[in-house]
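Observations on chain architecture
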Amino acid sequence: MAEAHQAVAFQFTITAEGINLHLSYQALNQIYLSGLRSWKKRISRIRNRIIKGVYPASPSSLLFVVIAILATMYMQSDPSMGLIAKIQEHLPLSLSLSAQGQTMLSALVFSTLLWLSLILALKFCLKLLLSYHQWMFEKHGCISTKTKVWATLVRLLSSKKPLLYSYQTSLPHLPVPSIKDTLEKYLESVKPLQSVTDFQQMTRLAAEFEKSLGSHLQRYLRLKALWATNYVSDWWEEYVYLRGRSPIMVNSNYYGMDFLYVTPTTNQAARAGNTITALFLYRRKVNREELKPSRIPGTVVPLCAAQCERMFNTTRTPGEETDVLQHWQDSEFVAVYHRGRYFKLWVYRAGRLLSPREIQYQIQRILDDPLPPFPGEDKLGALTAGNRVPWARVRKQYFSSGVNKQSLDSIEKAAFFVTLDDEEEGMIGEETSMNLDRYAKSLLHGKCYDRWFDKSFSVMVYRNGKNGLNAEHSWADAPIVAHLWEFTLATDTFQLGYTTDGNCRGEVEHSLPPPQRLSWDLPLEVQAQVSESLAVAQALADDVDCHVFPFKEFGKGCIKKMKISPDSFVQLALQLAYYRDRGTFCLTYEASMTRLFCEGRTETVRSCSNESCAFVCALVAGEDREQCSKLFRKAAEKHQNLYRLAMTGSGIDRHLFCLYVVSKYLGTESPFLKEVLSEPWRLSTSQTPVQQMELFDLVNHPEFISPGGGFGPVADDGYGVSYIIMGEEIINFHVSSKHSCKETDSHKFGSQISQAMMDLMSLLSPDFKARQGNPDKQS
């Protein structure tokens, strides 16, 4: 109870002599410093609102406009064309001001209105410029004059250093494609996957939909697009993520890994100390909007940053019909799990972020704590791993008051969740491949009860110093979390660093109150539901087959020499690998971002196209090299075009999804939409982008490379494939499937991917095999 006593700023007693006050100056000082931090944050937010509100102008430009207006008036000229005189006539203070004062005040009002008008005009111009996407479809090295002028104007309007959210009001809204265009693209995408009879049936359904119900639904969708910032994102979040009643573990959450070849320290507490510090430093940058807005690589085109807002202090709370994302403005603590116990760890003291060494000291206290868990506490996290409805009912009945509510609040309102794992993970021992697979499964689901899957993200720190994270998917997509994780790894290793004996740097204030142990009162009914949820989660976890492998034979550098997009190359390799594995083609999902638009999230690239199928069939049939190479380049060009269309709001699936939602609201059935939305994605793929290469020196320190992250399979009889292109020489793959499907095998499919990559390079570069045989290359 030491922390409780310190929280009391004063006490008083009433005696016969009067009232005696006992002030705790230390406690008052703590309250003062914490309040000071809060006020600084409020002032910073107000300042940032003003700066980003006037962007691309600056607040100081108001002074320039006022001076210019006054200067022209001094020269006996009226720049307002009589408006200043009109304003002066209607001033309520005209009786109490001199004539000169009235003129000055009128000029000031006019200058402010003119300044605001100029700001709106600049914002409108920037929005128009950012609505231009034709530059993306122009061939490399063949830039049109129109695009050159556009790029110059965007640079001029973006010359002032922006804050993280400065572009939000200037980003265009996601356009609603026409029904005709979407249906044509859809039919083109399914043609290679269906028999002649099935395709004719689908063509007939599409035609009927376009003539009848489609135009009716489209009008509602256009109305929403006029009213809402983004016609897709809120429905996508609610119906794809929050309304799902199955476990979010494996099915929705995804993971990110630590460095592949090195571990900065083997001290678990020290690694946790630096990791937690780095994450809070990132949060500080987000709160102060000091992060640079993300842009399309090699351009000045900004991307939407709205998803950053709910990165920290956020929890997905269960409901019987739908879950809810809860976000708190601030949180000065994290929730920590270790050996079945939950702790509340304050990382701020008197408004100051604890040093990494102090956080290490506090973490070590948790590691050394010998107390056992409360009855039912050790596996409590399984509630977040099982089905959502039982968790919602138990939460409502047993966690709405008393000590359980207080402890649950400490977890849900925490900045994020930390697990101190007793296992060792990473590339350890001789079976490095098997250990990477085990590492992936640990990050994806752990023991099914030692993570809190509802938190926006949870960090795992293992006994040997390895770390990783598990992220909930509804609040943001993988690139946002990847940006956070890149910063965390780089800051942990290269900025904060460690002493020679593996400890964090800095001094320790030994008077820090110990981490607060969370208490629980869990009746047998709760413990029974925990066991039931754990059984569901364990069956799901045991069924997942993960395989992680680094492909080292060649990387982005070699592919780009062939004048091929690396992403297109990998996607065509996946098509070839799948065909060899299953003897057929399948509907393929590749995630593309739509963050060129305000509040944009993702769109689907249907990577299995007529062109990719023609190429794969030709290669498998053994047609000559020249013909196969020609078909490959045609398929790669088609894939790039599909990706660009998805990025620029001309995709297929989000439009059809929203039309389906409108039909449900209207209570109408569409055989066409029902058929489209029921098609399984047996090959679900995603590239994890590397966004901050400047934080890493892969030339001098190639060992500091992260293998990225992965996710579970989307279809029970399909594969989930995530890949990250790191530097010029390596591509990491994460493959997942289910043991329960006899037709899938993640290790076998991984081998097929590697072989397909090699075969494609051999096709494009005839001397590739000879280079592979070079002893120097092999070493």
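Residues numbered from 1 in each chain as written. Predicted model: local features only at pLDDT ≥ 70, side-chain atom pairs only at ≥ 80, totals over all residues. Heavy atoms only, no water.

Before going further, it helps to examine the overall build of the chain. Per the secondary structure count, the chain includes 25 helices and 20 strands. Taken over the C-alpha trace, the chain has a radius of gyration of 30 Å; the compact-globule value for 779 residues is 28 Å, and the two agree within 12%. With the C-alpha coordinates aligned to their principal axes, the bounding extent of the chain is approximately 100 × 80 × 60 Å. Counting all 779 residues of the chain, 54% fall into the buried class. Contacts in the chain between residues at least 24 apart in sequence constitute 78% of all its contacts with a sequence separation of at least 6. On the chain, roughly 35,300 Å² of surface is accessible, and the fraction owed to carbon and sulfur atoms is 57%. Side-chain charges of the chain comprise 85 positive and 80 negative groups, with the mean position of each set lying 6 Å from the other. (Helix = DSSP H or I, 4+ residues; strand = E, 2+ residues; numbered from the N terminus. Rg over C-alpha atoms; globule rule 2.2 N^0.38 Å. Buried < 20%, exposed > 50% of the residue type's maximum accessible area, 1.4 Å probe, protein only. Contact = heavy atoms within 4.5 Å. Areas by Shrake-Rupley, 256 points an atom, 1.4 Å probe, with all protein chains shown as cover. Lys, Arg positive; Asp, Glu negative; His and termini not counted. Charge placed at Lys NZ, Arg CZ, Asp CG, Glu CD.)

Turning next to the packing of helix H10 (residues 268-288) against helix H15 (residues 478-496). Put simply, H10 and H15 touch, their axes get as near as 9 Å, and they point 125 degrees apart. When the axis of H10 is compared with that of H15, the two are oblique. The chirality of how H10 crosses H15 is right-handed. Here H10 contributes Arg271, Asn274, Thr275, Thr277, Ala278, Leu279, Leu281, Tyr282 and Lys285 to the contact with H15, which in turn contributes His483, Leu484, Phe487, Thr488, Leu489, Thr491, Asp492 and Leu496. Within the contact of H10 with H15, the residues separate by chemical class into 8 nonpolar, 6 polar and 3 charged. (Axes fitted to C-alpha atoms, helices over the stretch in contact; angles between N-to-C directions. Parallel < 35°, antiparallel > 145°, perpendicular 65-115°, else oblique. Left-handed = near helix turned anticlockwise from the far one by under 90°. Nonpolar A, V, L, I, M, F, W, Y, C, P; charged D, E, K, R; others polar.)

Another point: the sheet that holds strand E6 (residues 333-338). Taken in spatial order, the 8 strands line up as E13-E7-E6-E10-E11-E12-E3-E18 in an open sheet, and their pairing is mixed. This sheet does not close on itself; its edge strands, each paired only once, are strand E13 (516-517) and strand E18 (709-711). The sheet contact formed by E6 and strand E10 (residues 417-420) spans 3 bridges and is parallel. Counted as the bridge partner of Tyr337 is Thr419 from E10. Helix H11 (residues 356-368) rests against E6, strand E7 (341-346) and E10 of the sheet, and its axis sits at about 160 degrees to E7. Its contacts with the sheet put H15 on strand E3 (254-257), strand E11 (457-461) and strand E12 (467-471), and the angle it makes with E12 is roughly 160 degrees. (Pairing = 2+ DSSP bridges.)

Here we take up the packing of aromatic side chains. Scanning the entire structure with this criterion turns up 39 aromatic pairs. Relative to Trp452, the ring of Tyr342 lies with its centre 5.9 Å away and its plane at 90 degrees, an arrangement referred to as edge-to-face. With Tyr342 in strand E7 and Trp452 in the loop between helix H14 (432-444) and E11, this pair connects stretches of sequence that are 110 residues apart. No difference in accessibility class separates Tyr342 from Trp452, as the two residues are buried. Plain terms: the ring middles of Tyr589 and Trp681 are 5.3 Å apart, the flat faces sit at 90 degrees to each other, and that makes the pair edge-to-face. Residue Tyr589 is found in strand E15 (residues 588-593), and its partner Trp681 is found in the loop between helix H22 (671-677) and strand E17 (683-687); the two are separated by 92 residues along the sequence. With respect to class, Tyr589 is no different from Trp681; both count as buried. Lys379 extends its terminal NZ or CZ atom over the ring of Tyr449, reaching a point 5.0 Å from the ring centre. (Phe/Tyr/Trp six-rings, centres within 6.5 Å; stacked < 30°, edge-to-face > 60°. Lys NZ or Arg CZ within 6 Å of the ring centre and 35° of its normal.)

Turning our eyes to something else, we now look at the sheet that holds strand E14 (residues 544-551). Strand order in the open sheet formed by 6 strands is E14-E20-E19-E17-E15-E16, with mixed pairing between adjacent strands. The open sheet has two edge strands with one neighbour each: E14 and strand E16 (602-606). Going from strand to strand, the sheet's axes swing by 20 degrees on average, the running direction of each strand aside. When E15 meets E16, the two strands line up antiparallel, connected through 5 bridges. By the bridge assignment, Glu590 is partnered in E16 with Val605. On top of the sheet, helix H18 (residues 566-582) reaches E15, E17, strand E19 (719-726) and strand E20 (730-738); it is set at about 150 degrees to E19, its chief contact.

This brings us to helix H13 (residues 402-412). Taken together, the buried positions of H13 are occupied by Asn404, Ser407, Leu408, Asp409, Ser410, Ile411 and Glu412. Among the structural elements, strand E4 (314-317), E6, E7, helix H12 (388-398) and E10 are those in contact with the buried residues of H13.

The subject of this paragraph is the pattern of salt bridges. Inspection of every chain in the model, using the stated rule, returns 41 salt bridges. The salt bridge involving Arg582 is made with Glu743; its shortest N-O contact spans 2.9 Å. Of this pair, Arg582 sits in helix H18 while Glu743 is found in the loop between E20 and helix H23 (746-764), placing the two residues 161 residues apart along the sequence. (Salt bridge = Lys/Arg side-chain N within 4 Å of Asp/Glu carboxyl O.)

Scored by pLDDT, the chain comes out at a mean of 90, with 93% of its residues at no less than 70. Every residue in residues 1-10 scores below 50 in pLDDT, and together they form 16 contacts with partners more than four places removed in sequence or on other chains. Of the regions scoring below 50 in pLDDT, residues 770-779 engages in 9 contacts with residues more than four places distant in sequence or in other chains. (pLDDT = per-residue confidence, 0-100.)

So, on to the nonpolar core. With 102 residues, the main nonpolar core has Phe399, Phe416 and Phe457 as its most contacted residues. Look past the residues within four positions of Phe399 in its chain and what remains in contact with it is Leu380, Leu383, Trp391, Val394, Asn404, Lys405, Leu408, Trp520, Leu522 and Val526. Tyr55, Val190, Trp235 and Val662 belong to the second largest nonpolar core, which has 58 residues in total. (Core = buried A, V, L, I, M, F, W, Y, C linked by side-chain atoms within 4.5 Å.)

Right, let's get into the state of the cysteines. Per the counting criterion, the structure on display carries 0 disulfides. Not engaged in a disulfide, the cysteine Cys125 finds its nearest cysteine sulfur in Cys598; these two sulfurs lie 18 Å apart. With no disulfide of its own, Cys628 has Cys617 as its nearest cysteine by sulfur position, at a separation of 11 Å. (Disulfide = S-S within 2.5 Å.)

We now examine a nonpolar patch on the surface. Judged by side-chain polarity, Val109, Leu113 and Leu116 come together as a nonpolar surface patch covering roughly 230 Å² of accessible area. With respect to the helices and strands, the residue Leu113 is situated in helix H5 (residues 99-130). Accessibility expressed as a relative area gives 48% for Leu113, which makes it partly exposed. (Patch = residues over 30% accessible without salt bridge, like charges linked within 9 Å, V, L, I, M, F, W, Y side chains within 5 Å.)

With that settled, the discussion passes to helix H9 (residues 233-242). Within H9, burial applies to Ser233, Trp235, Trp236, Glu237, Tyr241 and Leu242. Looking at the buried side of H9, the elements it contacts are helix H8 (196-227), E4, strand E5 (324-327), E15, E16 and helix H21 (653-666).

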